Amino acid sequence: MKKAVFSTLGLALLLSTSTAVASAQEAQEVAPALQKESIQPSNSWYADTEPNNWFDEITSEITVGDGIDIYGSLERKIPGGYAGYYDFVDYYKFTASQSGFYEFNIQGEIYPKAWMRLSVADSNGSVKRSAEERQYRLGLNLKAGETYYLLVEATDADVGQLFDYRVFSTIKQIN
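Residues numbered from 1 in each chain as written. Predicted model: local features only at pLDDT ≥ 70, side-chain atom pairs only at ≥ 80, totals over all residues. Heavy atoms only, no water.

*Asks:* Where do I start with the packing of aromatic side chains in this structure?
*Replies:* Each pair of aromatic rings is reported with the distance of its centres and the angle of its planes. Scanning the model with the defined rule gives three aromatic pairs in all. Between Tyr-111 and Phe-163, the ring centres sit 5.0 Å apart and the planes meet at 75 degrees, which makes this aromatic pair edge-to-face. Residue Tyr-111 is located in the loop between strand E5 (100–108) and strand E6 (115–122), and its partner Phe-163 is located in strand E10 (residues 163–173); the two are separated by 52 residues in the primary sequence. For Tyr-111, a relative accessible area of 22% gives the class partly exposed. Put simply, the rings of Phe-94, Phe-104 and Tyr-148 pair up and form one aromatic cluster. (Phe/Tyr/Trp six-rings, centres within 6.5 Å; stacked < 30°, edge-to-face > 60°. Helix = DSSP H or I, 4+ residues; strand = E, 2+ residues; numbered from the N terminus. Buried < 20%, exposed > 50% of the residue type's maximum accessible area, 1.4 Å probe, protein only.)

This is the structure:
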């Protein structure tokens, strides 16, 4: 009787193992290997294009609002500058497409004593509002058709600290 039980258990174990191996092989044959697709640039984002370290250096205008991102970096040494000249602020020129409440958010590196700050200036370069210390969101009302500057800056940074960032924004219409 013991032989019959052990042989039945052995047969069941053999069959379940064979079935599991066959199922795994079928799954490998059916599922294609994962392939990375290259990211294609579109009109829904902008890259940090140097020079943009001061108001008068900006050569093009960006669009801000729902679904449009800005990707950039700060604290990289600028080629052609004198020794020790680092990129510590980026300016982006834009025209408000509609009157409303504009909210800008930033994501990126955070260091113990250094952080990134967002500010918005008017067409004359006067800062209208800046985010408070370590606040990664800035909101303010803007008027349609007026030109503004979005400033992204690294504060209290040490040489060698790099800040890669993403800024995204939303617009809420004011009734």
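*Asks:* Teacher, can you tell me more about the sheet that holds strand E7 (residues 127–130) here?
*Replies:* Two pairing modes exist for strands in a sheet, parallel and antiparallel, and in both the strands are linked by backbone hydrogen bonds. Taken in spatial order, the five strands make up an open sheet running E2-E4-E9-E6-E7, and their pairing is mixed. Here the strands that pair on one side only, and so sit at the sheet edges, are strand E2 (61–62) and E7. As paired strands, E2 and strand E4 (residues 89–95) are joined by two bridges and run parallel to one another. Residue pairing for E4: Ile-62 is matched across the bridge by Phe-94. (Pairing = 2+ DSSP bridges.)

*Asks:* Quick question: what am I supposed to make of the nonpolar core here?
*Replies:* One broad rule of soluble globular proteins: the nonpolar side chains tend to lie buried together. Within the largest apolar cluster, 26 residues are counted, with the highest numbers of intra-cluster contacts made by Phe-104, Leu-150, Tyr-165 and Val-167. Among the elements of the structure, strand E3 (69–74), E4, E5, E6, strand E8 (137–142), strand E9 (147–155) and E10 are those that each provide at least two residues to this core. Setting aside residues up to four positions removed in sequence, Leu-150 forms contacts with Ile-70, Asp-90, Tyr-91, Tyr-92, Phe-94, Phe-104, Leu-118, Ser-119, Val-120 and Val-167. Counting residues in each nonpolar core, the second largest holds seven residues, with Phe-55, Val-89, Tyr-91 and Ala-121 among its members. (Core = buried A, V, L, I, M, F, W, Y, C linked by side-chain atoms within 4.5 Å. Contact = heavy atoms within 4.5 Å.)

*Asks:* Help me understand the pattern of salt bridges in this model?
*Replies:* Oppositely charged side chains can pair when the atoms bearing their charge come close. Enumeration over the complete set of coordinates arrives at three salt bridges. Glu-103 is the partner of Arg-137 in a salt bridge, and the nearest nitrogen-oxygen pair spans 3.8 Å. Of the two residues, Arg-137 sits in strand E8 while Glu-103 sits in strand E5, which places them 34 residues apart along the sequence. The class of Arg-137 is exposed, set by a relative accessible area of 53%. Two residues, Glu-153 and Arg-117, come together in a salt bridge whose shortest N-O distance is 3.2 Å. Placement of Glu-153 in strand E9 and of Arg-117 in strand E6 is noted, with a sequence separation of 36 residues between them. (Salt bridge = Lys/Arg side-chain N within 4 Å of Asp/Glu carboxyl O.)

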